[in-house]
Amino acid sequence: MKKESTKSSVTPWEVKGRIDYDRLIEEFGVERLNSFTLDRIKKHAKELHFMLKRKIFFAHRDLNWVLDEYEKGNHFFIYTGRGPSGPIHLGHLGTWIFTKWLQDKFNAELWFQFTDDEKFLFKQNMSMEDAEKWTYENMLDVIALGFDPKKTHFIVDTKNADLIYPVALKFAKKINFSTVKAAFGMSNENNIGQIFYTSMQAAPAVIPSVLKKKNIPCLIPLAIDQDPHFRVARDVYMKLGYYKPAIIHGMFLPPLSGVSGKMDSSGDQINSILTTDSPKEVEMKIKKYAFSGGQATIEEHRKKGGNPDIDVSFQYLRMLFEPDDEKLAKLEKDYRSGKLLTSELKEILIKKINDFLKDHQAKRKLAEKQIDKFLYK
Ligand code: TRP
C-alpha cells in the first residue's frame, strides 16, 4: 500500500490526502444518514436515489426536521451553488444530479448561487473577467442536467448584489473575525474580502424567506467540504429569526490518480475529466491515468483478482455511471474474482462516460439559448 505523504485536510478551498469520512462526521459535528431517515425520504420520493442507497450522500444536519415540516405541508426549497473557478468536471456532477432528483421528487424550487466574488477573492490569478466567463460556462453545464427553469433561479453574487448583499450584511454583522479564523484557518494575511465571504454563501439559504416575507425551510445538498460555511453561520440564522437550513452531505469523486483528495480541474487537467472532453480524450485519460486496483499481469489478475475499493474506474461507476445495483454488483464480483480485467472495466466506463457526455454536450449547446430563463431578475 502506498503511504500517503500529504496530511489530509478538508476545507472549502482545499481537499487533500486520504479522506476519512467517519472522522469528518465527528469533526464537523454532522449526523450520519441512517436507515430511519432514508426510509422517510423513500416514503415521499417513492424510491431511493442510488447515491443515497450507496451512502455517497452519507451525512446530514436537520434532515428529519425538514421532513417533519414537509409532512406538515411546509415545503422546503433547495439551495446549492458553484464557485466558477474553471471548467466543470465529472466530480461536480454528482451533487447536481442528486439535486435535480430532489427537485423532481419533492417538487422543490432551487436557488443556485454562482460565487464569482469568491473565486476572484480566493484564486490568485483569477480576474473578474475570468470569473464572469466561467460563470457563463458553468451555467451551461448546470442547465444541461435538466433543471426545470420554472422552478430554478440562478443568482450571481456580483450581478444580483442588490438582492444578496443586504442579507449577507446581516450575517456579517454577527460573525466575528476570530470565528472565521478558527473555522477556516485564516490569518491576518488573508485579504478582507475572504473574511467577509462566508456571509455571502450563508445568505441564499434565507433569500426566498426574505422575498416571501415568511420563513421557508431550506435544504442544501453539498459536498462536505462546503459544510464549514454553514457551521459558522448556523447560530446566526436563529439570531436573525430564520430557520437553520438542513444540509445533506456528499462525498468527493476521487481524482483519476487515486482515491485520495478530490477531482480538481483548476489544478491539473490530467486528474480530471471535463464535461467538454472529446471521446478520444476521455478514452486516453481513463486508459492512461485512471488508477487501477488490478494486478500487474493478466495471469496474476486472474489468480488473485482486483480490488474495486481502490480502483478509480470502478469507483466512477459506483458513484456516478452505473445506477443499476445488480449490474454494479456483478462488475464488483467479477473484478474481485479476476474474471473481469482492468482493461475491460475501463472499456465499460469509457463507453458510459462517452454516452453521457455526448448527450450532455448536445444539451449544453442548447442551454446557450436558455440561460435567460434561469437568471434571477
Ligand atoms: N463555495 C462553493 C464552491 O466553491 C459554491 C457555493 C455557493 C455552494 N453556495 C453554495 C456550494 C451552497 C454548496 C452549497 O464551489
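Worth saying up front: this structure is predicted, and the values here are computed from it rather than measured. Throughout, a residue's number is its position along its own chain's written sequence, starting from 1. In view of the model being predicted, local features appear only for residues whose pLDDT reaches at least 70, and side-chain atom pairs are presented and counted only at 80 or more, with totals across whole chains, interfaces and linings using the full set of residues. For side-chain calculations, the full set of non-hydrogen atoms in the structure is used, while hydrogens and water are omitted.

Colleague: Would you take a moment to explain the overall build of the protein for this structure?
Modeller: We count a stretch as a helix when DSSP gives it H or I for four or more residues in a row; a strand needs E for two or more, and each element gets its number in order from the N terminus. Of the regular secondary structure elements, the protein holds 18 helices and nine strands. We take the radius of gyration over the C-alpha atoms and set the globule estimate at 2.2 Å times the residue count to the 0.38 power. Computed over its C-alpha atoms, the radius of gyration of the protein comes to 21 Å, within 12% of the 21 Å expected for a compact globule of 377 residues. For the protein, the spread of C-alpha atoms along the three principal axes comes to 65 × 45 × 45 Å. A burial count over the protein gives 53% of its 377 residues as buried. By the convention used here, residues are in contact when the closest approach between their heavy atoms is within 4.5 Å. Within the protein, contacts between residues separated by at least 24 positions form 78% of all contacts whose residues are at least 6 apart in sequence. Summed over its atoms, the accessible surface of the protein is roughly 17,400 Å², and 53% of this surface lies on carbon and sulfur atoms. Only protein chains enter the calculation, and the probe is 1.4 Å; a residue is then buried if its accessible area is under 20% of its type maximum, exposed if over 50%, and partly exposed in between. Reported accessibility uses the Shrake-Rupley method at a 1.4 Å probe radius. Residues are deemed covered only where the shown protein chains occlude them.

Colleague: In this structure, what is going on with the site of the ligand? I would like to understand it.
Modeller: In the region of the ligand, 15 residues are neighbours, and Tyr-79, Gly-83, Gln-113, Glu-118 and Gln-201 sit closest. For this analysis, a polar contact is any N or O atom pair within 3.5 Å, provided that within protein one partner can donate a hydrogen and the other can accept it, and provided that sequence-adjacent residues contribute only side-chain to side-chain pairs. Separating an oxygen atom of the ligand from a backbone N or O atom of Gly-83 is a distance of 2.9 Å. In the environment of the ligand, an oxygen atom lies 3.1 Å from a nitrogen or oxygen atom belonging to the side chain of Lys-119. Of all elements in the fold, only β5 (77-82), α6 (116-122), α10 (192-202) and β8 (218-223) reach the threshold of two or more residues within the shell around the ligand. Gly counts as polar in this scheme, as do all residues outside two lists: the nonpolar Ala, Val, Leu, Ile, Met, Phe, Trp, Tyr, Cys and Pro, and the charged Asp, Glu, Lys and Arg. Split by residue class, the shell around the ligand holds five nonpolar, seven polar and three charged. The rule for a residue being near a molecule or strand is that one of its heavy atoms must lie within 4 Å of it.

Colleague: Explain the nonpolar core to me, please; I cannot follow it from the model alone.
Modeller: Generally speaking, a soluble globular protein has its nonpolar side chains buried in company with each other. Here, nonpolar core means buried Ala, Val, Leu, Ile, Met, Phe, Trp, Tyr and Cys residues that are tied together by side-chain atoms lying within 4.5 Å of each other. Counting 65 residues, the largest nonpolar core has Ile-41, Leu-52, Leu-90, Ile-286 and Ile-353 as its most contacted members. Split by domain, the residues of this core number at least three in each of domain 1 (9-257) and domain 2 (269-366). Discounting residues that sit within four places of it in the chain, Leu-90 has contacts with Leu-253, Met-263, Ile-273, Leu-320, Phe-321 and Ile-353. The next biggest cluster of nonpolar side chains, apart from the first, holds 32 residues, and it includes Phe-122, Ile-164, Cys-218 and Leu-222. Domain boundaries shown here were taken from an automatic or database domain assignment.

Colleague: Explain the environment of Pro-87 here, please?
Modeller: Along the chain, the position of Pro-87 falls in the loop between β5 and α5 (90-106). Once the C-alpha coordinates of Pro-87 and Lys-119 are considered, the two residues, 32 residues apart in sequence, prove to be 13 Å apart.

Colleague: Honestly, the pairing of strand β4 (residues 57-61) in this entry has me stumped. Any pointers?
Modeller: Working note: regular strand, side chains alternate between the two faces of the sheet. Summarising burial for β4: five of the five residues are buried, a large majority. One bridge is not enough; two strands pair if DSSP finds at least two bridges between them. The pairing of strand β3 (residues 31-32) with β4 spans two bridges and is antiparallel. By the bridge assignment, Arg-32 is partnered in β4 with Ala-59. Strand direction decides the pairing type here: β4 and strand β9 (residues 246-250), joined by four bridges, are antiparallel.

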